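One letter stands for each residue in the lines below.
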Amino acid sequence: MIRKRFPILLILLFTVGFLNAQNMRKLIKKQFEFADKQYKILQQHTPENRMPKTYYAKDNKWETSDTHWWCSGFYPGSLLYIYENTKDTFALNEAERRLKILQKEDHNTHTHDLGFMMFTSFGNAYRITHNPLYKAVIDTSAAALSTRFRPKIPAIQSWDSSKKLRCPVIIDNMMNLELLCWDAQHGGSKRFQKIAELHANTTMKNHFRKDYSSFHVVDYNPETGAIIKRVTAQGANDSSAWSRGQAWGLYGYTMMYRFTKDTAYLNQAKHIAHFILTNPNLPKDLIPYWDYNAPNLPDAPRDASAASVMASAFLELGQYVDEKERKQYVADAKKIIRNLSSPEYRAKLGENGGFILKHSVGSLPAHSEVDVPLTYADYYFLEALHRYKEWYL
Ligand code: GLY
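Calculation criteria
Residues numbered from 1 in each chain as written. Predicted model: local features only at pLDDT ≥ 70, side-chain atom pairs only at ≥ 80, totals over all residues. Heavy atoms only, no water. Helix = DSSP H or I, 4+ residues; strand = E, 2+ residues; numbered from the N terminus. Buried < 20%, exposed > 50% of the residue type's maximum accessible area, 1.4 Å probe, protein only. Pairing = 2+ DSSP bridges. Axes fitted to C-alpha atoms, helices over the stretch in contact; angles between N-to-C directions. Polar contact = N/O pair within 3.5 Å; in protein donor to acceptor, adjacent residues only side chain to side chain. Contact = heavy atoms within 4.5 Å. Phe/Tyr/Trp six-rings, centres within 6.5 Å; stacked < 30°, edge-to-face > 60°. Lys NZ or Arg CZ within 6 Å of the ring centre and 35° of its normal. Parallel < 35°, antiparallel > 145°, perpendicular 65-115°, else oblique. Left-handed = near helix turned anticlockwise from the far one by under 90°. Nonpolar A, V, L, I, M, F, W, Y, C, P; charged D, E, K, R; others polar. Near = heavy atom within 4 Å. Areas by Shrake-Rupley, 256 points an atom, 1.4 Å probe, with all protein chains shown as cover. Patch = residues over 30% accessible without salt bridge, like charges linked within 9 Å, V, L, I, M, F, W, Y side chains within 5 Å. Salt bridge = Lys/Arg side-chain N within 4 Å of Asp/Glu carboxyl O. Disulfide = S-S within 2.5 Å.

A. Structural context of the side chain of Q268. Inspection of the secondary structure puts Q268 in helix 9 (residues 263-277). Q268 sits in the buried class, given a relative accessible area of 6%.

B. Main features of the sheet that holds strand 7 (residues 227-231). Taken together, the three strands give an open sheet; going across it, the order is 5-6-7, and neighbouring strands pair in antiparallel fashion. Two strands in the sheet have a free side with no partner beyond their single neighbour: strand 5 (168-170) and strand 7. Each strand axis lies, on average, 20° off the axis of its neighbour in the sheet, ignoring direction. Both strand 6 (residues 217-220) and strand 7 contribute to a ladder of four bridges, which runs antiparallel.

C. Seen up close, the side chain of S341. By the secondary structure assignment, S341 is in the loop between helix 11 (323-340) and strand 8 (360-363). For S341, a relative accessible area of 12% translates into the label buried. From its side chain, S341 meets the backbone oxygen of I337 in a polar contact 2.7 Å long. Ignoring anything within four residues of it in the chain, the contact list for S341 reads L27, Q31, R346 and F381.

D. The arrangement of the packing of aromatic side chains in detail. Per the counting criterion, the structure on display carries 26 aromatic pairs. Between W70 and W248, the aromatic rings sit 6.4 Å apart at their centres with planes inclined by 85°, giving edge-to-face as the arrangement. Here the residue W70 occupies a position in the loop between strand 2 (61-65) and helix 2 (74-86), and W248 occupies one in helix 8 (residues 243-260), the gap between them amounting to 178 residues. Among the aromatic side chains, those forming a connected cluster through ring pairs are W70, F74, Y81, F116, W248, Y251, Y376, Y379 and Y380. Stacked on the ring of W69, the Lys or Arg K53 has its end atom at 4.1 Å from the ring centre. Looking at R346, its charged tip hangs above the ring of F34, at a distance of 3.5 Å from the centre.

E. Just the packing of helix 10 (residues 304-317) against helix 12 (residues 375-392), in detail. As a packed pair, helix 10 and helix 12 sit with axes 8 Å apart at the nearest point and diverge in direction by 25°. Between helix 10 and helix 12, the angle falls in the class roughly parallel. For helix 10 against helix 12, the interelement crossing comes out left-handed. Counting all contacts with helix 10, which are made through A304, S305, S308, V309, A311, S312, A313, L315 and E316, the residues of helix 12 involved are Y376, A377, Y380, F381, E383, A384, R387, Y388, W391 and Y392. Split by residue class, the contact of helix 10 with helix 12 holds 13 nonpolar, three polar and three charged.

F. Region of interest: the site of the ligand. All residues adjacent to the ligand are W70, D172, Q234, W242, R244 and W248. One of the side-chain N or O atoms of Q234 is found 2.7 Å from an oxygen atom in the ligand. One of the side-chain nitrogen or oxygen atoms of R244 is found 2.7 Å away from an oxygen atom of the ligand. With the chains in place, 94% of the 200 Å² that the ligand exposes on its own is no longer accessible.

G. Quick peek at the pairing of strand 6. Every second residue of strand 6 is oriented toward a common face, with V217 and D219 on one face and V218 and Y220 on the other, all of them buried. Summarising the sheet, strand 5 and strand 6 pair through three bridges and their orientation is antiparallel. The residue of strand 6 that forms the bridge with P168 is D219.

H. Up close: a nonpolar patch on the surface. Judged by side-chain polarity, F14, F18 and L19 come together as a nonpolar surface patch covering roughly 350 Å² of accessible area. Secondary-structure assignment places L19 in helix 1 (residues 2-44). Among the residues examined, L19 registers a relative accessible area of 47% and is labelled partly exposed.

I. Main features of the state of the cysteines. Tallied over the entire structure, the rule returns zero disulfides. Cysteine C167 remains unbridged, with the sulfur of C181 as its closest cysteine sulfur at 20 Å.

J. Representation of the packing of helix 7 (residues 190-206) against helix 8. As a packed pair, helix 7 and helix 8 sit with axes 11 Å apart at the nearest point and diverge in direction by 140°. In terms of their interaxial angle, helix 7 and helix 8 are classed as oblique. Both helix 7 and helix 8 take part in a crossing whose hand is left-handed. Each of Q193, A196, E197, A200, T203 and M204 in helix 7 lies in contact with helix 8, whose residues at this interface are Y253, M256, F259 and T260. A class-by-class count of the residues in the contact of helix 7 with helix 8 yields six nonpolar, three polar and one charged.

Here you go:
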């Protein structure tokens, strides 16, 4: 009996799998076509020498930034994903126009965010166009970032010293290691990768709690490497789990495994994934509140940017684990993508100031960018769509 049914079951499973893939293919295509149109609206509201930042619907007000801002790479990066997936040369030309104003940041040694700024932009541009000028910008940026390495800690200094913090290292900084590792593996100094590994090891040792949630900021004495304090800047409190910080850690350690094949990084990423996915305060739709320990749950704002970063990271993590784990991570990423693509999170054409996603949080404690669109929410959403299409369809 079972033997007779076996081929029917197989055909059924195959058909369900095929239809699911078809649905995702359609959904991804639709999102890129939408993004292409929507970003033409965003472009009209972004002066030529500026980058988009956010939009306040209540006042119909756009906020833009200069190229120093840590998010200046995301707009050209998003346009490049749009171009890659729609072949609309408008997106490529607009990205290349913005790269011209961003290029000067390749000598900026006052920010650890050069990875965000220069690799989401020039990294994608070089991957797609192979233009050697873009490679030169990446090389220079990696060298500039490496100057912030403090060997006594050893780690890269995130923000410059202030009255409150002597040598702060933030969990977000894990993301900037991609620029260093990629450059080291594409003709740049091998020292860049060494720095990235030392930074990742120090962060693994000092930023994480027993449950694999992470502190936002660890402040060090750069002369001795001693920890001064562990605090938050953007989280609910010093011991809370700020959602985007957890997502940066998840993405960062997954990416470090890509470059090193060091299983310590892979295990770290899996532990972070476990913390996120089993957290009792993670809503069923997998779009986190801005902090897993926000004071007014369940009435706290959600953070679509954290969800986008998580989706993209889960898709990469799915590449490095066994089949059972892969299925789970991909299913979770798919759920996030579907929910972010729903009217609750994805804007309608012409709304949301031309941004793709609604409902992100920049810094709630600073009352800045609360429940608004953000360039990085869009960027990692597009990256997740692209990764899903490239790896799982
Ligand atoms: N510092 C980057 C962030 O707000 O996540």
